[in-house]
Amino acid sequence: MKKNMFDTVRVVPVVVIKNIEDTVPTLSALCEGGLPVAEITFRTACAADAIRLGVEKFPDMHIGAGTVINAEQANAAIAAGATFIVSPGLSPEVAAVCKEADVPYIPGCVTPTEIMQALSLGITTLKFFPANVYGGLSAIKALSAPFPQVKFLPTGGVDMNNICEFLAFEKIIAVGGSFMMKGDIKENCKKLMEVIQ
């Protein structure tokens, strides 16, 4: 992540690209709105191509891959130029691919057991997903006591109404979500940046 993405980024937009021609306008809108980062999900057939195109057209953006659930997808994302990999859960095989490629891996972990597994793999930045289902901010605060070395990226249920509350907690490195992707992306991002600044 150009060297730590989270030094400058507090929000990670979760971006679903269904048609490759949507890539440039979508990423342009994020950048123009003041949010030069995108987690392009591997839920669509053109995900790897969208990452490749994004990396080529927007060299200053942090472009990663989301919803990566196996080594094959991780390899494809890294080959396309993804600078970080996010999973809904913890995959040792994805962790191994990312470690080999020296690409940051942010797996989804919501229980003490999953967090301990991540720590055993040397991973200390974890996605907390879906945050609203697994207890939100109060759960993150409770888990931070036994795991002080962990930083969380809550995703799911975070929006304009509660984002400042999440970001105020020092163990939350950033928040993720697709709430800014509905409607006018550029204007949504501008409003979001005003809210968190």
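Up top is the structure these notes are about.
Residues numbered from 1 in each chain as written. Predicted model: local features only at pLDDT ≥ 70, side-chain atom pairs only at ≥ 80, totals over all residues. Heavy atoms only, no water.

Topic: the overall build of the protein
Then, in step 1: What the protein contains, in helices and strands, is eight helices and eight strands.
Then, in step 2: Against the globule reference of 16 Å for 197 residues, the protein gives a C-alpha radius of gyration of 16 Å, in line with a compact fold.
Then, in step 3: Taken along its principal axes, the extent of the C-alpha atoms in the protein is 45 × 40 × 30 Å.
Then, in step 4: The buried share among the 197 residues of the protein stands at 52%.
Then, in step 5: Nonlocal contacts in the protein, meaning residues at least 24 apart in sequence, comprise 57% of its contacts between residues at least 6 apart. (Helix = DSSP H or I, 4+ residues; strand = E, 2+ residues; numbered from the N terminus. Rg over C-alpha atoms; globule rule 2.2 N^0.38 Å. Buried < 20%, exposed > 50% of the residue type's maximum accessible area, 1.4 Å probe, protein only. Contact = heavy atoms within 4.5 Å.)

Re the nonpolar core
Then, in step 1: Of all hydrophobic cores here, the largest spans 72 residues; its most connected members are L30, I51, I85 and I172.
Then, in step 2: When sequence neighbours within four positions are dropped, the list of residues in contact with I85 reads A65, V68, A74, A77, I78, V94, C98, V103, P104, Y105 and I106. (Core = buried A, V, L, I, M, F, W, Y, C linked by side-chain atoms within 4.5 Å.)

What to know about the pattern of salt bridges
Then, in step 1: A complete count under the given rule lists three salt bridges for this structure.
Then, in step 2: Residues E39 and K127 are paired through a salt bridge, measuring 3.9 Å at the closest nitrogen-oxygen approach. Here E39, found in strand β2 (residues 37–41), pairs with K127, found in strand β6 (residues 125–128); they are 88 residues apart in sequence, far enough to count as distant. K127 carries the same exposure label as E39, and that label is buried. (Salt bridge = Lys/Arg side-chain N within 4 Å of Asp/Glu carboxyl O.)

A look at the state of the cysteines
Then, in step 1: According to the stated counting rule, one finds zero disulfides in the structure shown.
Then, in step 2: The cysteine C31 is free of any disulfide, with C189 supplying the nearest cysteine sulfur at 9.2 Å.
Then, in step 3: Cysteine C164 shares no disulfide, and the gap to the nearest cysteine sulfur, in C189, comes to 15 Å. (Disulfide = S-S within 2.5 Å.)

Quick word on the packing of helix α1 (residues 23–32) against helix α8 (residues 185–196)
Then, in step 1: Where α1 meets α8, the axes come as close as 7 Å, and the angle between the chain directions of the two elements is 25°. On the basis of the axis angle, α1 is roughly parallel to α8. Taken as a pair, α1 and α8 cross one another with a handedness that is right-handed. Within the contact between the two elements, α1 uses T26, A29, L30 and E32 and α8 uses I185, K186, C189 and K190.
Then, in step 2: Tallied by class, residues from the contact of α1 with α8 come to four nonpolar, one polar and three charged. (Axes fitted to C-alpha atoms, helices over the stretch in contact; angles between N-to-C directions. Parallel < 35°, antiparallel > 145°, perpendicular 65-115°, else oblique. Left-handed = near helix turned anticlockwise from the far one by under 90°. Nonpolar A, V, L, I, M, F, W, Y, C, P; charged D, E, K, R; others polar.)

What about the packing of aromatic side chains?
Then, in step 1: What the rule picks out here adds up to one aromatic pair.
Then, in step 2: Ring centres 6.0 Å apart and planes at 90° place the aromatic pair F128 and F152 in the edge-to-face group. With F128 in strand β6 and F152 in strand β7 (residues 151–154), this residue pair connects regions lying 24 residues apart in the sequence. (Phe/Tyr/Trp six-rings, centres within 6.5 Å; stacked < 30°, edge-to-face > 60°.)

Examining the side chain of N162
Then, in step 1: Position of N162 relative to the elements: it lies in the loop between β7 and α7 (163–167).
Then, in step 2: Within the structure, N162 has its side chain in polar contact with the backbone oxygen of G157 (distance 3.0 Å). (Polar contact = N/O pair within 3.5 Å; in protein donor to acceptor, adjacent residues only side chain to side chain.)

What about the pairing of strand β3 (residues 62–66)?
Then, in step 1: A large share of β3 lies buried, amounting to five of its five residues.
Then, in step 2: Going residue by residue along β3, you find H62, G64 and G66 tucked away on one face and I63 and A65 tucked away on the opposite face as well.
Then, in step 3: Taking the sense of rotation as the criterion, the β-α-β connection linking β2, helix α2 (residues 47–57) and β3 turns out right-handed. (Right-handed = clockwise from strand over helix to strand, strands pointing away.)

A few points about the pairing of β7
Looking along a regular strand, one sees the side chains alternate between the two faces of the sheet.
Then, in step 1: Where β6 meets β7, four bridges bridge the pair, whose relative direction is parallel. Each bridged residue has a counterpart across the sheet, and for T125 the counterpart in β7 is K151. (Pairing = 2+ DSSP bridges.)

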